[in-house]
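# Structural characterization, general
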Amino acid sequence: MCHKPKLELMPMETSPAQPLRRPSLICYIFLVILTLIFMAAVGFLITWLETKPKKLRYTVENASVQNFNLTNDNHMSATFQFTIQSHNPNHRISVYYSSVEIFVKFKDQTLAFDTVEPFHQPRMNVKQIDETLIAENVAVSKSNGKDLRSQNSLGKIEFEVFVKARVRFKVGIWKSSHRTAKIKCSHVTVSLSESNKSQNSSCDADI
């Protein structure tokens, strides 16, 4: 009988076990930083949602124009008086106004300009800013001069109050970075009669 040759299995060579690599210190630091950023973002979001911020509101009231004069060569003089009311309806947010610039404009042209001292507006507060801006012998364009004469003949004048301010918001101990607020109060219409009656004008605020 033929015997089948026995096959001998040779043991396979195995490479030595590689030691498990431990995360480096840099990975731990990176994870810690990510965790802190996530916790801060969640905390800020919760605080912001709890405060339920409301938009600031601005109006122009008690406007009047006195000593209005427009020469034949389109040089205008006038005294503009009005009150800007700033409404902060928020229960937990106060506002810091670092700088405030106020302009009286007719269409695209500045007629008078003034600045206001920095101030802080508390929560749930209405701040009144009483202003008197004087335009003295200001040269206006030919088209604006024509429109001013037309309005003057009707016994009224319509102008725009524009406010540019640098503001910061405060919630608790946290303060935001500075933002530029642009507040446009269009269609401020004033009677040029002795009564100098005017209607309150609401403003559009971009903060």
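As a reminder, the structure under discussion sits directly above these lines.
Cut-offs and rules
- Residues numbered from 1 in each chain as written.
- Predicted model: local features only at pLDDT ≥ 70, side-chain atom pairs only at ≥ 80, totals over all residues.
- Heavy atoms only, no water.
- Helix = DSSP H or I, 4+ residues; strand = E, 2+ residues; numbered from the N terminus.
- Buried < 20%, exposed > 50% of the residue type's maximum accessible area, 1.4 Å probe, protein only.
- Contact = heavy atoms within 4.5 Å.
- Areas by Shrake-Rupley, 256 points an atom, 1.4 Å probe, with all protein chains shown as cover.
- Pairing = 2+ DSSP bridges.
- Core = buried A, V, L, I, M, F, W, Y, C linked by side-chain atoms within 4.5 Å.
- 1 Å grid on protein atoms, 1.4 Å probe; cavity = no way out; pocket = protein on both sides within 12 Å on 5 of 7 lines; lining within 4 Å.
- Points joined across faces, edges and corners; volume = space filled by probe spheres on them.
- Nonpolar A, V, L, I, M, F, W, Y, C, P; charged D, E, K, R; others polar.
- Expected span 1.5 Å × (residues − 1).
- Arc of directions from axis to C-beta.
- Disulfide = S-S within 2.5 Å.

## Quick notes on the overall build of the protein chain
Scanning the protein chain for helices and strands turns up two helices and eleven strands. Its helices and strands taken in sequence order, the protein chain reads α-β-β-β-β-β-β-α-β-β-β-β-β from the N to the C terminus. Buried residues in the protein chain amount to 34% of all 207 residues. For the protein chain, contacts bridging at least 24 residues in sequence account for 68% of all contacts bridging at least 6. Total accessible area on the protein chain stands at roughly 14700 Å², and carbon and sulfur atoms take up 56% of it.

## Quick look at the pairing of strand 2 (residues 75-88)
Two faces belong to every sheet, and in a regular strand the side chains alternate between them. Where burial is concerned, most of strand 2 is hidden: eleven out of the 14 residues are buried. As judged from the ten bridges shared by strand 1 (residues 57-70) and strand 2, these two strands associate in the antiparallel manner. Counterpart to Glu 61 in the pairing with strand 2 is Thr 83. Following strand 1, the chain reverses through four residues before pairing antiparallel with strand 2; Asn 74 in that reversal takes a positive phi of roughly 65°.

## Here we look at the sheet that holds strand 1
Reading across the sheet, the four strands line up as 6-2-1-10 and stay open at both edges, with antiparallel pairing between neighbours. Two strands bound the open sheet, and with one partner strand each, they are strand 6 (125-139) and strand 10 (201-202).

## Here's the deal with the nonpolar core
Core analysis: the largest hydrophobic core is formed by 43 residues, its most contacted members being Met 76, Phe 80, Phe 82, Tyr 97, Ile 102, Phe 159 and Val 161. For this core, the secondary-structure elements that each account for two or more residues are strand 1, strand 2, strand 3 (93-106), strand 4 (109-116), strand 6, strand 7 (156-171) and strand 9 (179-191). When residues of this core are assigned to their parent elements, the largest contribution, eight residues, is made by strand 7. Discounting residues that sit within four places of it in the chain, Ile 102 has contacts with Phe 82, Ile 84, Ala 112, Phe 113, Asp 114, Val 116, Ile 129, Glu 131, Leu 133, Val 161, Phe 162 and Val 163.

## Section: the layout of surface pockets
There is about 230 Å³ of room inside the largest pocket. Taken together, eleven residues make up the lining of the largest pocket; nearest its centre are Lys 54, Lys 55, Leu 56, Phe 169 and Ile 207. Its residues assigned to classes, the lining of the largest pocket shows seven nonpolar, one polar and three charged.

## Some details on helix 2 (residues 142-153)
Helix length check: helix 2, at twelve residues, gives a terminal C-alpha distance of 17 Å against a target of 16 Å (1.5 Å per residue), a fit within 8%. Among all positions in helix 2, only Asn 144, Gly 145, Leu 148 and Gln 151 are buried. Considered in projection along helix 2, the buried side chains sweep an arc of 125° and stay on one side of the axis. Away from the buried face of helix 2 by more than 90 degrees, exposed residues Lys 142, Lys 146 and Ser 153 are located. Looking at the packing, one finds that the buried side of helix 2 touches strand 1, strand 2, strand 3, strand 4 and strand 7. Just downstream of helix 2 lies Gly 155, where phi reads positive at about 80°.

## Considering the state of the cysteines
Under the definition given, this model contains one disulfide. Each sulfur in the disulfide pair Cys 185 and Cys 203 lies 2.0 Å from the other. Of note, the bridge from Cys 185 to Cys 203 carries an S-S torsion of about 105° and is right-handed in sense. Note that Cys 185 is positioned in strand 9 and Cys 203 in the loop between strand 10 and strand 11 (204-206), a separation of 18 residues in sequence. Side by side, Cys 185 and Cys 203 carry an identical accessibility label, which is buried.

## Some remarks on the side chain of Ser 191
Its place among the elements puts Ser 191 in strand 9. When its relative accessible area of 18% is taken as the criterion, Ser 191 is described as buried.

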